[in-house]
Amino acid sequence: MSLIPLLLLTGLSLTPDDAAIVAAQAPLYPLDTCAVSGDPLGDMGDVIDHVQDGRLVKLCCKGCVKELAKDPAPVMARLDAAAIAAQQADYPLDACLVSGDAFGGEMGEPVAVVIQGRYVKLCCGGCKKGLAKDAERLLAKLDQATMAAQRASYPLDTCAVSGEPLGDEPVEVLYGTKLVKLCCKGCKREMAANPRPVPRNPRLPAAPPPATPPHTPPPRTPPAPSTPPPCPPPPP
């Protein structure tokens, strides 16, 4: 989504940096309820896209902005848990994104973290610093692995924006954690301006209705031969 519509939809003004964070993290956002009150988003009017410590938080009203400021930690913890639950199924790696070490073994259970709205699986707590220090490069690496894992099962052979055939070298982007294939760079720009997911189970073309047999008029019954009127009696 472009920055100007975001500024209009949030109900509160955003700095350009915050607007960029909202645009980048919106496809990853896991909740359809207010992160503070739990009320359905939109019930109180326009949804407020708030940025808290570099993270998008969607709120139902200005009152919840104030509540979030009082004690953000539990709200962010709930948001992290929801992001992890939503993104686990698409996680493509079986080794730590930072160290490259396999999960389990001497390192114990993997550590789940959320950075810039993205779930990342690490081999240990010590790798959190390495992730924060080199987040852009490591998240780009995770993006590439996510797209590679979904290529074989991608459900469409047409561009998700234009509907044109993809061709031999489609342009690939991520919508959240879902691969989207496009036919050209122009559609990539359109996708960036108006993000949309690709259907995971595209509908098959509807079966055509059964053919209606051509209408055959019923056979015509020839009219009965007309009986001529009787001759008038002869004059007296």
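Bear in mind the structure is a predicted one, so any value in this text is a computation, not a measurement.

Student: Any chance you could explain the overall build of the protein here in plain terms?
Tutor: When helices and strands are tallied, the protein shows seven helices and six strands. Scanning the protein from its N terminus toward the C terminus, one meets helices and strands in the order α-α-β-β-α-α-β-β-α-α-β-β-α. Of all 236 residues assigned to the protein, the portion counted as buried reaches 30%. Considering only contacts in the protein between residues 6 or more positions apart, those separated by 24 or more positions represent 49%.

Student: Hey, could you run me through the side chain of lysine 181 in this one?
Tutor: Turning to its location among the elements, lysine 181 is positioned in strand S6 (residues 178–182). Within the buried core, lysine 181 has no salt-bridge partner, and the shortest N-O distance to an opposite charge, that of glutamate 172, equals 4.2 Å. Apart from the residues within four sequence positions on either side, lysine 181 is in contact with Arg151, Tyr154, Thr158, Cys159, Ala160, Leu166, Pro170, Val171 and Glu172.

Student: Explanation requested: helix H4 (residues 72–87) in the structure shown.
Tutor: An α-helical segment advances 3.6 residues per turn. Residues three or four places apart therefore align on the same side. Its 16 residues place the ends of H4 22 Å apart at the C-alpha level, agreeing with the 22 Å of an ideal helix rising 1.5 Å per residue. Here H4 has its buried residues at Val75, Met76, Leu79, Ala82, Ala83, Ile84 and Gln87. Close packing links the buried residues of H4 with strand S1 (48–52), strand S2 (55–59), helix H3 (62–70), strand S3 (111–115) and strand S4 (118–122).

Student: Looking at this structure, I do not really get the layout of surface pockets. What am I missing?
Tutor: The gaps left among the atoms become clear once a water-sized probe is rolled over them. The computed volume of the second largest pocket comes to approximately 180 Å³. Residue lining of the second largest pocket: Pro27, Leu28, Tyr29, Ala86, Gln87, Ala89, Asp90, Tyr175, Gly176, Thr177 and Lys178, and that is the complete set. Of the residues contributing to the lining of the second largest pocket, the split by class is six nonpolar, three polar and two charged.

Student: Teacher, can you tell me more about empty space enclosed by the protein here?
Tutor: Enumeration according to the criterion identifies two cavities of 30 Å³ or more in this entry. When contributions to the lining of the largest cavity are tallied by element, the ones reaching two or more residues are S2 and H4. Split by residue class, the lining of the largest cavity holds six nonpolar, two polar and one charged. The computed volume of the second largest cavity comes to approximately 50 Å³. Along its surface, the second largest cavity is lined by Gln87, Asp90, Tyr91, Pro92, Arg118, Tyr119, Leu142, Thr146 and Thr177. Within the residue set of the lining of the second largest cavity, elements represented by two or more residues are S4 and helix H6 (135–150). The class makeup of the residues in the lining of the second largest cavity is four nonpolar, three polar and two charged.

Student: Sorry, what's going on with the pattern of salt bridges here?
Tutor: Should their charged atoms come close, side chains of opposite charge can pair. The tally for this structure, following the rule as stated, stands at seven salt bridges. The shortest N-O distance in the salt bridge between aspartate 80 and arginine 55 comes to 2.8 Å. Of this pair, aspartate 80 sits in helix H4 while arginine 55 sits in strand S2, placing them 25 residues apart in sequence.

Student: Explanation requested: the confidence of the model for the protein in the structure shown.
Tutor: Predicted coordinates in regions of low pLDDT should not be interpreted in detail. Taken as a whole, the protein shows an average pLDDT of 84; of its residues, 78% reach a score of 70 or greater. Overall, residues 200–213 carries pLDDT values under 50, and its contacts beyond four positions in sequence, including any with other chains, amount to six contacts.

Student: Got a minute to help me understand the packing of aromatic side chains in this structure?
Tutor: Given two aromatic rings, one states the distance between the centres and the angle between the planes to describe the pair. Summed over the entire model, instances satisfying the criterion amount to one aromatic pair. Aromatic pair tyrosine 91 and tyrosine 119: ring centres 5.0 Å apart, planes at 55°, arrangement tilted. Pair noted here: tyrosine 91 is in the loop between H4 and S3 and tyrosine 119 is in strand S4, with a separation of 28 residues, a long-range link. Assigned by exposure class, tyrosine 91 and tyrosine 119 land together as buried. If you follow lysine 58 out to its NZ or CZ, it ends over the ring of tyrosine 29, 5.8 Å from the centre.

Student: Please clarify how helix H2 (residues 16–25) should be interpreted in this entry.
Tutor: Residues Ala19, Val22 and Gln25 constitute the buried set of H2. With its buried residues spanning 140° around the axis, H2 presents them on a single face. Seen from the open side of H2, the exposed residues pointing more than 90 degrees away from its buried face are Pro16, Asp17 and Ala24.

Student: Explain the pairing of S4 here, please?
Tutor: In regular strands, side chains alternate between the two faces of the sheet. Most of S4 sits out of view: four of its five residues are buried. Relative to S4, S3 runs antiparallel, the two sharing five bridges. Looking at the pairing, valine 111 lines up with leucine 122 of S4. Taking the residues that link successive antiparallel strands as the turn, the S3-S4 hairpin has two residues, and the phi of glutamine 116 there is positive, at about 55°.

Reading guide: rules and limits
- Residues numbered from 1 in each chain as written.
- Predicted model: local features only at pLDDT ≥ 70, side-chain atom pairs only at ≥ 80, totals over all residues.
- Heavy atoms only, no water.
- Helix = DSSP H or I, 4+ residues; strand = E, 2+ residues; numbered from the N terminus.
- Buried < 20%, exposed > 50% of the residue type's maximum accessible area, 1.4 Å probe, protein only.
- Contact = heavy atoms within 4.5 Å.
- Lys, Arg positive; Asp, Glu negative; His and termini not counted.
- Salt bridge = Lys/Arg side-chain N within 4 Å of Asp/Glu carboxyl O.
- Expected span 1.5 Å × (residues − 1).
- 1 Å grid on protein atoms, 1.4 Å probe; cavity = no way out; pocket = protein on both sides within 12 Å on 5 of 7 lines; lining within 4 Å.
- Points joined across faces, edges and corners; volume = space filled by probe spheres on them.
- Nonpolar A, V, L, I, M, F, W, Y, C, P; charged D, E, K, R; others polar.
- pLDDT = per-residue confidence, 0-100.
- Phe/Tyr/Trp six-rings, centres within 6.5 Å; stacked < 30°, edge-to-face > 60°.
- Lys NZ or Arg CZ within 6 Å of the ring centre and 35° of its normal.
- Arc of directions from axis to C-beta.
- Pairing = 2+ DSSP bridges.

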